[in-house]
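Structural overview for review
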Amino acid sequence: AQSVTQLDSQVPVFEEAPVELRCNYSSSVSVYLFWYVQYPNQGLQLLLKYLSGSTLVKGINGFEAEFNKSQTSFHLRKPSVHISDTAEYFCAVSVRGAQKLVFGQGTRLTINP
Amino acid sequence: NAGVTQTPKFRILKIGQSMTLQCTQDMNHNYMYWYRQDPGMGLKLIYYSVGAGITDKGEVPNGYNVSRSTTEDFPLRLELAAPSQTSVYFCASSYEGNTIYFGEGSWLTVV
(Lines give C-alpha, C1' and ligand atoms only; values in the text may rest on other atoms or scores of the structure.)
Protein backbone atom coordinates (compact mmCIF):
# COMPACT_ATOMS: atom_id res chain seq x y z
CA ALA A 1 0.00 0.00 0.00
CA GLN A 2 1.06 3.55 -0.59
CA SER A 3 1.36 6.26 2.02
CA VAL A 4 2.21 9.95 2.06
CA THR A 5 3.76 11.94 4.88
CA GLN A 6 3.77 15.70 4.91
CA LEU A 7 6.43 16.56 7.40
CA ASP A 8 5.03 19.89 8.56
CA SER A 9 1.43 20.47 9.61
CA GLN A 10 1.91 24.27 9.64
CA VAL A 11 4.44 26.54 7.96
CA PRO A 12 4.47 30.28 8.74
CA VAL A 13 6.45 32.44 6.33
CA PHE A 14 6.91 36.14 5.75
CA GLU A 15 5.70 37.62 2.49
CA GLU A 16 8.27 37.52 -0.33
CA ALA A 17 10.32 34.86 1.49
CA PRO A 18 10.96 31.46 -0.10
CA VAL A 19 9.10 28.40 1.10
CA GLU A 20 9.44 24.63 0.91
CA LEU A 21 6.68 22.22 1.84
CA ARG A 22 7.98 18.73 2.38
CA CYS A 23 6.40 15.51 1.19
CA ASN A 24 7.68 11.96 1.44
CA TYR A 25 5.93 8.91 0.06
CA SER A 26 6.16 5.18 0.45
CA SER A 27 5.49 2.75 -2.38
CA SER A 28 7.00 -0.43 -3.70
CA VAL A 29 5.98 0.39 -7.27
CA SER A 30 6.19 3.37 -9.60
CA VAL A 31 3.90 6.24 -8.74
CA TYR A 32 2.41 9.46 -9.96
CA LEU A 33 2.75 12.44 -7.60
CA PHE A 34 0.56 15.48 -7.15
CA TRP A 35 0.28 18.68 -5.16
CA TYR A 36 -3.13 20.20 -4.58
CA VAL A 37 -4.04 23.53 -2.97
CA GLN A 38 -7.17 24.23 -0.98
CA TYR A 39 -8.20 27.80 -0.26
CA PRO A 40 -10.58 28.36 2.68
CA ASN A 41 -14.01 26.83 2.18
CA GLN A 42 -13.19 25.68 -1.33
CA GLY A 43 -12.40 22.45 -3.10
CA LEU A 44 -8.98 21.20 -4.09
CA GLN A 45 -7.20 22.64 -7.10
CA LEU A 46 -4.33 20.91 -8.87
CA LEU A 47 -1.03 22.81 -8.51
CA LEU A 48 1.23 20.43 -10.38
CA LYS A 49 1.86 16.79 -11.10
CA TYR A 50 4.68 14.40 -11.89
CA LEU A 51 3.82 11.53 -14.21
CA SER A 52 7.16 10.86 -15.91
CA GLY A 53 10.07 12.64 -17.58
CA SER A 54 11.85 15.63 -16.05
CA THR A 55 12.02 15.40 -12.29
CA LEU A 56 11.54 19.18 -11.91
CA VAL A 57 7.91 20.02 -12.41
CA LYS A 58 6.53 23.53 -12.74
CA GLY A 59 2.97 24.32 -11.77
CA ILE A 60 0.60 27.23 -11.45
CA ASN A 61 1.12 30.34 -9.32
CA GLY A 62 4.94 30.07 -9.50
CA PHE A 63 5.18 26.78 -7.61
CA GLU A 64 7.51 23.95 -8.56
CA ALA A 65 8.35 20.54 -7.16
CA GLU A 66 11.16 18.08 -7.59
CA PHE A 67 10.73 14.34 -7.69
CA ASN A 68 13.57 12.53 -5.93
CA LYS A 69 13.21 8.80 -6.38
CA SER A 70 16.13 7.81 -4.16
CA GLN A 71 14.77 9.86 -1.26
CA THR A 72 11.12 9.13 -2.14
CA SER A 73 10.34 12.81 -1.84
CA PHE A 74 8.34 15.37 -3.80
CA HIS A 75 8.92 18.70 -2.06
CA LEU A 76 7.03 21.80 -3.16
CA ARG A 77 8.84 25.13 -3.46
CA LYS A 78 8.20 28.75 -4.29
CA PRO A 79 10.99 31.35 -4.37
CA SER A 80 8.85 34.26 -3.17
CA VAL A 81 5.44 33.86 -1.58
CA HIS A 82 2.51 36.23 -1.59
CA ILE A 83 -0.30 36.77 0.89
CA SER A 84 -2.64 35.08 -1.59
CA ASP A 85 -0.68 31.81 -1.21
CA THR A 86 -2.17 31.34 2.25
CA ALA A 87 -3.95 27.99 1.97
CA GLU A 88 -3.68 24.32 2.80
CA TYR A 89 -1.51 22.22 0.56
CA PHE A 90 -1.90 18.49 0.02
CA CYS A 91 0.59 16.05 -1.42
CA ALA A 92 -0.89 12.93 -3.01
CA VAL A 93 0.31 9.76 -4.69
CA SER A 94 -1.28 7.22 -6.99
CA VAL A 95 0.13 3.98 -8.26
CA ARG A 96 0.72 3.90 -11.99
CA GLY A 97 -2.18 2.11 -13.60
CA ALA A 98 -4.36 2.46 -10.52
CA GLN A 99 -7.24 4.83 -10.09
CA LYS A 100 -7.00 6.20 -6.57
CA LEU A 101 -5.16 9.01 -4.86
CA VAL A 102 -3.72 8.66 -1.38
CA PHE A 103 -3.35 11.99 0.38
CA GLY A 104 -1.03 13.34 3.00
CA GLN A 105 -2.41 15.10 6.06
CA GLY A 106 -1.94 18.55 4.60
CA THR A 107 0.31 21.53 5.37
CA ARG A 108 -1.22 24.86 6.31
CA LEU A 109 0.83 27.66 4.78
CA THR A 110 0.37 31.02 6.47
CA ILE A 111 1.93 34.11 4.93
CA ASN A 112 2.61 37.00 7.28
CA PRO A 113 3.04 40.58 6.02
CA ASN B 1 -17.42 25.14 -17.65
CA ALA B 2 -19.17 23.41 -14.74
CA GLY B 3 -16.70 20.57 -14.05
CA VAL B 4 -17.73 18.62 -10.93
CA THR B 5 -20.87 19.86 -9.22
CA GLN B 6 -21.99 18.77 -5.76
CA THR B 7 -25.18 19.48 -3.89
CA PRO B 8 -26.07 20.46 -1.25
CA LYS B 9 -23.22 22.70 -0.09
CA PHE B 10 -24.32 22.64 3.54
CA ARG B 11 -26.62 20.29 5.44
CA ILE B 12 -27.45 19.55 9.06
CA LEU B 13 -28.78 16.08 9.80
CA LYS B 14 -30.16 14.55 12.94
CA ILE B 15 -28.73 11.26 14.18
CA GLY B 16 -30.43 8.38 12.41
CA GLN B 17 -31.62 10.39 9.41
CA SER B 18 -30.63 9.50 5.86
CA MET B 19 -29.64 11.68 2.95
CA THR B 20 -28.04 11.65 -0.46
CA LEU B 21 -25.20 13.88 -1.60
CA GLN B 22 -25.51 14.48 -5.31
CA CYS B 23 -22.55 14.68 -7.68
CA THR B 24 -22.47 15.23 -11.40
CA GLN B 25 -19.66 15.91 -13.85
CA ASP B 26 -19.80 17.14 -17.43
CA MET B 27 -16.27 16.21 -18.53
CA ASN B 28 -17.16 12.68 -19.69
CA HIS B 29 -14.75 11.27 -17.14
CA ASN B 30 -14.97 7.55 -16.56
CA TYR B 31 -13.62 7.59 -12.98
CA MET B 32 -15.50 9.19 -10.11
CA TYR B 33 -14.73 9.34 -6.39
CA TRP B 34 -16.08 10.35 -3.02
CA TYR B 35 -13.66 11.57 -0.37
CA ARG B 36 -14.23 12.87 3.13
CA GLN B 37 -11.99 15.45 4.77
CA ASP B 38 -11.54 15.69 8.52
CA PRO B 39 -9.29 18.27 10.22
CA GLY B 40 -5.64 17.20 10.28
CA MET B 41 -6.44 13.92 8.51
CA GLY B 42 -6.17 14.81 4.86
CA LEU B 43 -8.69 13.21 2.53
CA LYS B 44 -9.88 9.64 2.85
CA LEU B 45 -11.46 7.73 -0.03
CA ILE B 46 -14.96 6.46 0.68
CA TYR B 47 -16.00 4.88 -2.63
CA TYR B 48 -14.95 5.11 -6.22
CA SER B 49 -16.21 4.05 -9.62
CA VAL B 50 -14.30 3.26 -12.81
CA GLY B 51 -17.36 3.47 -15.02
CA ALA B 52 -21.14 3.23 -15.14
CA GLY B 53 -22.38 0.19 -13.26
CA ILE B 54 -19.09 -0.39 -11.43
CA THR B 55 -18.33 0.75 -7.89
CA ASP B 56 -15.78 -0.24 -5.29
CA LYS B 57 -14.95 0.51 -1.67
CA GLY B 58 -12.22 2.87 -0.62
CA GLU B 59 -10.55 3.24 2.78
CA VAL B 60 -13.62 4.31 4.82
CA PRO B 61 -16.82 2.90 3.22
CA ASN B 62 -18.77 1.98 6.36
CA GLY B 63 -22.05 3.85 6.72
CA TYR B 64 -22.19 4.88 3.05
CA ASN B 65 -23.50 3.56 -0.23
CA VAL B 66 -23.06 4.66 -3.82
CA SER B 67 -24.44 3.91 -7.25
CA ARG B 68 -23.29 4.76 -10.76
CA SER B 69 -26.14 4.38 -13.23
CA THR B 70 -24.75 6.97 -15.67
CA THR B 71 -21.31 8.29 -16.57
CA GLU B 72 -22.23 11.74 -15.27
CA ASP B 73 -23.73 11.01 -11.84
CA PHE B 74 -22.29 9.44 -8.69
CA PRO B 75 -24.55 10.00 -5.66
CA LEU B 76 -23.40 9.17 -2.13
CA ARG B 77 -26.03 7.85 0.28
CA LEU B 78 -25.73 8.13 4.06
CA GLU B 79 -27.97 5.72 5.92
CA LEU B 80 -28.62 6.21 9.63
CA ALA B 81 -26.40 9.26 10.04
CA ALA B 82 -24.00 9.27 13.00
CA PRO B 83 -21.96 12.11 14.54
CA SER B 84 -18.79 10.43 13.21
CA GLN B 85 -20.02 11.28 9.71
CA THR B 86 -19.75 14.99 10.39
CA SER B 87 -17.22 16.00 7.77
CA VAL B 88 -16.61 17.77 4.50
CA TYR B 89 -17.34 15.56 1.51
CA PHE B 90 -15.71 15.97 -1.87
CA CYS B 91 -16.76 14.40 -5.10
CA ALA B 92 -14.13 14.12 -7.80
CA SER B 93 -13.63 12.74 -11.27
CA SER B 94 -10.82 11.86 -13.64
CA TYR B 95 -10.11 10.40 -17.03
CA GLU B 96 -8.27 7.13 -16.69
CA GLY B 97 -7.30 7.91 -13.09
CA ASN B 98 -4.51 10.40 -13.67
CA THR B 99 -5.40 13.99 -12.84
CA ILE B 100 -8.36 14.15 -10.47
CA TYR B 101 -10.68 17.16 -10.47
CA PHE B 102 -12.63 18.03 -7.35
CA GLY B 103 -15.98 19.59 -6.63
CA GLU B 104 -16.31 22.43 -4.15
CA GLY B 105 -17.34 20.27 -1.22
CA SER B 106 -20.39 19.55 0.90
CA TRP B 107 -20.29 20.44 4.60
CA LEU B 108 -22.31 17.94 6.61
CA THR B 109 -23.04 18.17 10.33
CA VAL B 110 -24.79 15.36 12.19
CA VAL B 111 -26.31 16.39 15.52
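This text goes with the structure placed above it.
What you see is a predicted model, and the numbers here were worked out from it, not measured in a lab.

The next point concerns the pairing of strand E9 (residues 87-94) of chain B. All names here are of chain B. Most of E9 is tucked away, with eight of its eight residues classed as buried. Taking every second residue as pointing to the same face, both faces of E9 are buried, with Ser87, Tyr89, Cys91 and Ser93 on one and Val88, Phe90, Ala92 and Ser94 on the other. Summarising the sheet, strand E4 (residues 31-37) and E9 pair through seven bridges and their orientation is antiparallel. Pairing of methionine 32 across the sheet is with serine 93, part of E9. The pairing of E9 with strand E11 (residues 106-110) spans three bridges and is antiparallel. Across the sheet, residue tyrosine 89 finds its bridge partner in E11, namely serine 106.

Turning to its location among the elements, glutamine 85 of chain B is positioned in the loop between strand E8 (76-78) and E9. Setting aside chain neighbours within four positions, we find glutamine 85 of chain B in contact with Arg36, Asn62, Gly63, Tyr64, Leu78, Leu80, Leu108 and Val110 of chain B.

Moving on, we come to the sheet that holds strand E1 (residues 4-7) of chain B. Residues and elements named next belong to chain B. Across the sheet, which stays open at both edges, the four strands sit in the order E1-E3-E8-E7 with antiparallel pairing between neighbours. For this open sheet the edge positions go to E1 and strand E7 (64-66), each flanked by a neighbour on one side alone. Along the sheet, successive strands turn relative to each other by an average axial angle of 20°, direction set aside. Pairing of E7 with E8, which is carried by three bridges, proceeds in the antiparallel orientation. Residue pairing in the sheet places asparagine 65 in a bridge with arginine 77 of E8.

Counting residues at the interface gives 21 residues for chain B, matched by 18 residues for chain A. With both chains or domains summed, chain B and chain A bury close to 1600 Å², and 56% of this area falls on carbon and sulfur atoms. On inspection of chain B and its partner chain A, the count reaches zero salt bridges. The interface formed by chain B and chain A holds four residue pairs in polar contact (both at pLDDT 80 or more) in total. Elements represented by at least two residues in the side of chain B that touches chain A include exactly E4, strand E5 (43-51) and strand E10 (100-102) of chain B. By residue class, the composition of the side of chain B that touches chain A is twelve nonpolar, seven polar and two charged.

Calculation criteria
- Residues numbered from 1 in each chain as written.
- Chains lettered and ligands numbered in written order.
- Predicted model: local features only at pLDDT ≥ 70, side-chain atom pairs only at ≥ 80, totals over all residues.
- Heavy atoms only, no water.
- Buried < 20%, exposed > 50% of the residue type's maximum accessible area, 1.4 Å probe, protein only.
- Helix = DSSP H or I, 4+ residues; strand = E, 2+ residues; numbered from the N terminus.
- Pairing = 2+ DSSP bridges.
- Contact = heavy atoms within 4.5 Å.
- Axes fitted to C-alpha atoms, helices over the stretch in contact; angles between N-to-C directions.
- Buried area = accessible area lost by both parts, 1.4 Å probe.
- Salt bridge = Lys/Arg side-chain N within 4 Å of Asp/Glu carboxyl O.
- Polar contact = N/O pair within 3.5 Å; in protein donor to acceptor, adjacent residues only side chain to side chain.
- Nonpolar A, V, L, I, M, F, W, Y, C, P; charged D, E, K, R; others polar.

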